[in-house]
Amino acid sequence: MLKGKTVFITGGTGYIGSELVRTFAGYGARVIFSFNRGADKAEKLTGEVAGSESVKMNMRDVKEITHVVEQLYARHEKIDILVNNAAISQVMPLAMLDEDDVDEVLAVNMKGLIFVTKAVVRGMIRNKSGVIINMGSIAGQRILDVPLTYAMTKAAVNGMTFSLAAELKRFNIRVNSVIPGLLAGGVARAVPDDLRDDFIKHCAVGRAGTAADIAELAAFLASDKASYINGQNIASDGGI
Ligand SMILES: NC(=O)c1ccc[n+]([C@@H]2O[C@H](COP(=O)([O-])OP(=O)(O)OC[C@H]3O[C@@H](n4cnc5c(N)ncnc54)[C@H](OP(=O)(O)O)[C@@H]3O)[C@@H](O)[C@H]2O)c1
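The structure presented is a predicted model; accordingly, all values stated were derived computationally and were not measured. (Residues numbered from 1 in each chain as written. Predicted model: local features only at pLDDT ≥ 70, side-chain atom pairs only at ≥ 80, totals over all residues.)

## Considering the site of the ligand
Inspection of the region around the ligand gives 28 residues, with Gly-11, Gly-14, Gly-38, Gly-186 and Ala-188 positioned closest. Per element, the largest residue contribution to the shell around the ligand is three residues, and it comes from helix H1 (residues 15-26). Tallied by class, the residues present in the shell around the ligand amount to 15 nonpolar, ten polar and three charged. (Near = placed C-beta within 6 Å. Helix = DSSP H or I, 4+ residues; strand = E, 2+ residues; numbered from the N terminus. Nonpolar A, V, L, I, M, F, W, Y, C, P; charged D, E, K, R; others polar.)

## Remarks on the pairing of strand E4 (residues 81-84)
Taking every second residue as pointing to the same face, both faces of E4 are buried, with Ile-81 and Val-83 on one and Leu-82 and Asn-84 on the other. For E4 and strand E5 (residues 130-135), the ladder comprises four bridges, and the chain directions are parallel. Following the sheet pairing, Leu-82 is matched in E5 by Ile-132. Handedness of the crossover joining E4 and E5 through helix H4 (residues 99-127) is recorded here as right-handed. (Buried ≥ 20, exposed ≤ 12 C-beta atoms within 10 Å, placed from the backbone. Pairing = 2+ DSSP bridges. Right-handed = clockwise from strand over helix to strand, strands pointing away.)

## A word on the packing of helix H3 (residues 62-75) against H4
Where H3 contacts H4, the axes come no closer than 9 Å and their chain directions differ by 25°. It follows from the interaxial angle that H3 and H4 lie roughly parallel. H4 is crossed by H3, and the crossing has right-handed handedness. Note on element contacts: H4 touches H3 through Gly-112, Phe-115, Val-116, Ala-119, Val-120 and Gly-123, opposite Val-62, Ile-65, Thr-66, Val-69 and Tyr-73. (Axes fitted to C-alpha atoms, helices over the stretch in contact; angles between N-to-C directions. Parallel < 35°, antiparallel > 145°, perpendicular 65-115°, else oblique. Left-handed = near helix turned anticlockwise from the far one by under 90°. Contact = placed C-beta atoms within 7 Å.)

This is the structure we're talking about:
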């Protein structure tokens, strides 16, 4: 489904990210993924997934982002697909938030997202071809007991998807978001048991999602099979 495509996945060392790496490679893509603190995990994953390549890139550092992506374009003729997956959450009520906490989440989940996309899109515009998949969250869609900064930045992903789909359409670049529900790992590991049980009770499929549920949807949206899907925020949440 993705043979001949080169994909750049941010946060490839995480719960969803590592499954994205395996799934995209399984569909024939050449996979490059970024990590920040997880150098060991990155090394293990490149060993596991033949032909994959990892790069250290801190989403908080715009200079590093720009440099890393320039280096990628120096080594690879093109990047066909960008998966904006890296993000963080914070378990912190409003009353306890200080400026540094807010800056950190906004820097990784919003500012970094903008500058990775800007750097990668340059090459896509040159090629007049590309696909961008943004990782949103159910936390940005409805009333849920989740941290404020996380919910806000995930809601922003929807707006980014709408805006970029319109701006980039003339360059034959599609932009969509995947909206996971509550998953069995990753940022959801901090969700208390009572909230997890409540989600599962109200979920039509009756279970938490898996990284594979999300990776399969992202791979489909990135493929030419989804060539008529653009500017959409598409949920994979088991029906909630
Ligand atoms: N898990 C869920 O239930 C769920 C539900 C809805 C949406 N999502 C979304 O899915 C995406 C992946 O989440 P996940 O659950 O897989 O989380 P995760 O396991 O915590 O992974 C987060 C990834 O982001 C990277 N990252 C964190 N801070 C970074 C920074 N400053 N610079 C560069 N990379 C950084 C991490 O890299 P290092 O480990 O190398 O530092 C890691 O690869 C996120 O966008 C999240 O909002 C998850």
